[in-house]
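Below are the chains, spelled out letter by letter.
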Amino acid sequence: MTDVLALPSGATPASERERRSVATASLFASVAMVMAFAGFAAVYLTLRQEVRPFPPEGVEFDFYLARTLVITVFMASLFIEWAAYGIRKGFQGHALVAFAVTILQGIAAIIGFWFLLDTKLGFAIADHPYGALAHTMVFLSLLAVGAAIVFIELTMLKAIGHQLDARNFPLMRATATVWHAAATSWVIVYYVLYVTK
Amino acid sequence: MTITETRPEPAAAQTASAATAPAPGNWLTTGDHKRLGLLYIAGGLVATLVGTVLAAAYLAPGSAELPYVWTASGSRLTSGAITGVLIIGLPALWLGAMTAIIPLQLGATRIALPRLQSLSVWTFFAGSVLTALGYTVGRPSGVSLGSILPQASTGSPTNTATELLLAGLALVGVATLLGAIGVATTILNQRADAVTLSRMPAFAWSGLATSLALIISTPVFLGGLALLWVDLHYGGSFFAVDAVAGIRVWQHHLWIFGRPELFLVVAPALGALSDVVTTAAGRPLLAFPAVRGAAVAAALWSLIAWATPFSALESPVLPTPTVGTALFILPVAIVVLAWLGSLVLGSPSATPGSLHAAAFLVVALVGAAMTLVAALVGIDGSLAAEAFANGQLWLVVAAALLGVTGALTHWAPKLSGKVVPFAASAGQALVLVLGGILVALPGWVSGLGSDSSPTVVGAAGAALLALGVALSIPALVGRGQADPDPTGRGLTLEWATASPPAMHNFDSVPAVGSAHPLASDSEERA
């Protein structure tokens, strides 16, 4: 028989639990975000055999902008990891620069999504049965990137205020995870709309 | 491995804590998980009552004369009843029970993200109110969750009722997602240090698995709603009747959500009732790792079940008789065998909620027997199959209600400080099992080929379900003061707290060396 010590819930510091909780919840939120897009992709891929010609006849997809957006969100993923590296190693300057570049790239992606919706998708919602699907996926990608940018800005403000360092690294990890999820969402949409058609 | 020579009595100090607990504060801004859980449960009870009463009304003779009837069609479940019971009521009841009870079982002093959970509760209330308004201000332009077709783009423009319904369902979906994230995060991060994952009770395990399944399936439902909204507002033809693909897409969207949802309202019952049986048996559950695995498998299977083929008019939320659906019986069978073995080897006693477990077993057996009958007799035609599946759906609802009301009865001392007498608990279980069988009867009869469908009996059954749900209210309203462990047989950590628990739950957590930390040496060895 081995004695087991009674350890109260507070044995692990509450602040440590809170930081871990934010990271865990962000991971779950990221899974949910990706799952929504995966749902769109699954139904499209399953049913595309029955869809009338897509994209609509006479519409040529503009691959240039879509690929640029893929590269943009991927580059931003690298930069947010650079920010994470800076926070973990205590390189405040590196982290702030990486945050700023990530945010700029995110804003560029949002503008790109809007441009894509407004002019470059090449057809209106009413023009094709899958018009609603295509527009909804692109618009939700825009929203996902927008939400991730807000999260990154809040985290950067903490870094500017010297409230973010290696001790509360889980918050940084949570921020990076949310961005990666937003980037993955667009990659899914790109694959569905542009690669498989 | 264990722990103590005799049953520990750690609750003495807790009683004092409860006596000096702060006065009831503001429920609007509370972050206390017991209160948040009770708010969820209150909303879930109201929604379930409304849903079951609606079902009774639609099944009653002359229902076509009722105001606001726009989806009634014979023995078919109405959209309102499905929404009230399956989409809003039961998920809210389970989320409430998990939010209130699981932290106590984990030795936690609080939940992980109280503000997130509070946001979830109030978003749920806002969504429920909007959904109810959507059903009452008029006829939505074809949006019907119980229907095969979304009917949204059949040419009819959107109207106020549609807008309210879509907004309401979206908010309820977001609330469910946030609640599930909160529960899962609490389980993973707020356990007392000695409470490892393998030492969690069955209800905590099923709560974790159910929450994870909800996190995966609910976004798909929200995506479908977004698609519908865009289609309605911008002249899309995605859901138009002639667009076969669009209709199928809708079915996939709702099905991926609806199938898991159907199973997920039952999956937590396996965990909760396992804890009830543990208390009734007075000993740790036989083959506990298998029970834990079965509770998790039931929730995870819900995600796989959507891959079973369409049938029963390809309805998204009906329990169609397919192999994938039928395999759900395996985890149920494992858990039930463990219950029976534990009761035989233990010293069984009639505790509140224990008869709910027995009634759950009866309902499961009746459901399995009716599936067998359907297979032997054969169901002729898709309409008959749909009717039969509707009967089975009501049985699933009854099983879920037995599970959740059994949990509320069992843990009432921790929710409100009141102890439910065994007789009252037994009466509730009896009412629910009878109601479940009666309300399923019209569907079974129609499905098996009879021309006459006993809808009056079905209406009486739905009314009994409503009564059974209402019987939970007295045990939860008001605040009592009970012994920490009223039956003296509790083996899990929640029974080490006062009834009702203090704001911080635990002054100190008792020694934890197994999934049944309050068991004495002899009980643990048994």
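Here's a quick rundown of the structure. (Residues numbered from 1 in each chain as written. Chains lettered and ligands numbered in written order. Predicted model: local features only at pLDDT ≥ 70, side-chain atom pairs only at ≥ 80, totals over all residues. Heavy atoms only, no water.)

## A look at the nonpolar core
Here is step 1 of the chain: Grouped together as the largest cluster of nonpolar side chains are 131 residues, with contacts concentrated most on B:Leu90, B:Trp94, B:Phe203, B:Trp339 and B:Phe360.
Here is step 2 of the chain: With 17 residues, the single largest contributor to this core is helix α3 (residues 79-105) of chain B.
Here is step 3 of the chain: Look past the residues within four positions of B:Trp339 in its chain and what remains in contact with it is B:Leu270, B:Leu273, B:Ser274, B:Val277, B:Leu285, B:Ala357 and B:Phe360.
Here is step 4 of the chain: Listed in part, the 66 residues of the second largest apolar core include A:Tyr130, A:Leu133, A:Ala183 and B:Val230. (Core = buried A, V, L, I, M, F, W, Y, C linked by side-chain atoms within 4.5 Å. Buried < 20%, exposed > 50% of the residue type's maximum accessible area, 1.4 Å probe, protein only. Helix = DSSP H or I, 4+ residues; strand = E, 2+ residues; numbered from the N terminus. Contact = heavy atoms within 4.5 Å.)

## Describing the packing of aromatic side chains
Here is step 1 of the chain: The final tally for this structure, using the stated rule, is 15 aromatic pairs over all chains.
Here is step 2 of the chain: Three or more aromatic residues joined by ring pairs make a cluster, and in this case those are A:Phe61, A:Phe63, A:Phe123, A:Tyr190 and A:Tyr194.
Here is step 3 of the chain: Sitting above the plane of the B:Trp27 ring, B:Arg35 keeps its charged end 4.6 Å from the centroid. (Phe/Tyr/Trp six-rings, centres within 6.5 Å; stacked < 30°, edge-to-face > 60°. Lys NZ or Arg CZ within 6 Å of the ring centre and 35° of its normal.)

## Some points on unusual backbone geometry
Here is step 1 of the chain: A cis amide bond, omega -5°, links B:Ser499 with the succeeding residue B:Pro500.
Here is step 2 of the chain: Looking at the secondary structure, you find B:Pro500 in the loop between α17 (473-476) and α18 (521-525).
Here is step 3 of the chain: Phi is positive for A:His162, close to 60°, though the residue is something other than glycine.
Here is step 4 of the chain: Mapped onto the elements, A:His162 comes out in the loop between α4 (131-160) and α5 (169-196).
Here is step 5 of the chain: Although it is not a glycine, B:Asn505 adopts a positive phi angle of roughly 70°.
Here is step 6 of the chain: When you line up the elements, B:Asn505 lands in the loop between α17 and α18.
Here is step 7 of the chain: On the basis of relative accessibility, which here comes to 0%, the residue B:Asn505 falls in the buried class.

## Examining the side chain of B:Ser274
Residue and element names in this part refer to chain B.
Here is step 1 of the chain: By the secondary structure assignment, Ser274 is in helix α8 (residues 267-281).
Here is step 2 of the chain: Residue class for Ser274 comes out buried when judged on its relative accessible area of 0%.
Here is step 3 of the chain: One polar contact links Ser274 to Trp339, side chain to side chain, over a distance of 3.0 Å.
Here is step 4 of the chain: The contacts of Ser274, once residues within four sequence positions are left out, are Ala202, Ala269, Leu285, Val291, Val335 and Trp339. (Polar contact = N/O pair within 3.5 Å; in protein donor to acceptor, adjacent residues only side chain to side chain.)

Purely spatial values, then, with no claim about function.
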